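Fold and geometry: a report
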Amino acid sequence: MVPWFYLAGKMVIGSSKKVVADQIEEVRRICALVVDDDPLVRRIHGMLLARYGLETEAAENGKEAVDLFLSGKTFDLVLMDMEMPVMDGLQATQRLRGMGVSSMIVGVTARGLEAEKEAFMATGLDACWVKPLNAEAIISVLDELAKKLL
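Because the structure is predicted, anything quoted here is derived from the model rather than measured.

This paragraph deals with the UniProt feature "modified residue: 4-aspartylphosphate" (unreviewed entry) in the protein. Per the UniProt record, "modified residue: 4-aspartylphosphate" (unreviewed entry) is found at Asp81. Take Asp81: it is sitting in strand β5 (residues 77-81). Ignoring sequence-local partners within four residues, the contact set of Asp81 consists of Val35, Asp36, Asp37, Gly89, Val108, Thr109, Phe120 and Lys131.

Next up on the list: the packing of aromatic side chains. Within a pair of aromatic rings, the relevant descriptors are the distance that separates the centres and the angle that separates the planes. Summed over the entire model, instances satisfying the criterion amount to 1 aromatic pair. Here Phe69 and Phe75 contribute two aromatic rings whose centre-to-centre distance is 5.4 Å and whose plane-to-plane angle is 65°, an arrangement assigned as edge-to-face. A relative accessible area of 7% means that Phe75 is categorised as buried.

Counting 20 residues, the largest nonpolar core has Leu33, Val35, Phe69, Val78, Met80 and Leu96 as its most contacted members. For this core, the elements supplying multiple residues, two or more each, are β3 (31-35), α2 (62-70), β5 and α3 (89-98). Leave out the neighbours within four places in its chain, and Met80 touches Val35, Ala65, Gly89, Ala92, Thr93, Leu96, Ile105, Val106, Gly107, Val108 and Phe120. Ile30, Val34, Leu79 and Leu145 belong to the second largest nonpolar core, which has 19 residues in total.

Looking now at the packing of α2 against α3. Their axes nearest at 8 Å, the elements α2 and α3 cross at an angle of 15°. The angle between α2 and α3 places the two elements in the roughly parallel class. Considering the relative orientation of α2 and α3, their crossing is right-handed. From α2, Gly62, Val66, Phe69 and Leu70 reach across to α3, where they touch Ala92, Arg95 and Leu96. Taken together, the residues that form the contact of α2 with α3 break down as 5 nonpolar, 1 polar and 1 charged.

Conventions used here
Residues numbered from 1 in each chain as written. Predicted model: local features only at pLDDT ≥ 70, side-chain atom pairs only at ≥ 80, totals over all residues. Heavy atoms only, no water. UniProt positions renumbered as here; feature names shortened; annotations may be inferred. Helix = DSSP H or I, 4+ residues; strand = E, 2+ residues; numbered from the N terminus. Contact = heavy atoms within 4.5 Å. Phe/Tyr/Trp six-rings, centres within 6.5 Å; stacked < 30°, edge-to-face > 60°. Buried < 20%, exposed > 50% of the residue type's maximum accessible area, 1.4 Å probe, protein only. Core = buried A, V, L, I, M, F, W, Y, C linked by side-chain atoms within 4.5 Å. Axes fitted to C-alpha atoms, helices over the stretch in contact; angles between N-to-C directions. Parallel < 35°, antiparallel > 145°, perpendicular 65-115°, else oblique. Left-handed = near helix turned anticlockwise from the far one by under 90°. Nonpolar A, V, L, I, M, F, W, Y, C, P; charged D, E, K, R; others polar.

In structure tokens form, the structure reads like this:
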């Protein structure tokens, strides 16, 4: 497990909490994009991520997520719903990976069938969880994100 902690409201990856006060502002904030057509799920996931010091932004469907990346925005983590109108999570993940996006993309789905989760994973996901995520799942995702960012 890669050590990470929160300092001045920011997720910090490393093994020491000893950071000089004037260096705190240099710590890079970890940014996450929550993509889900359900406003309640977007809010729950956004609040959980914010609790752990991540900056969050939200999109209602896969097309909005792709458009955010096309506009030049970058995110360290994307929580991607599987089933959405306009562009679903499978299409959006394939499109993002095709654009060269290397962000950690974690699929979230209300469906628990292994075959459906495997199909979603095959689009380029780093992980897939059943939603809504809880604090334990978010911590597990952040542990994996910390490994990827090091």
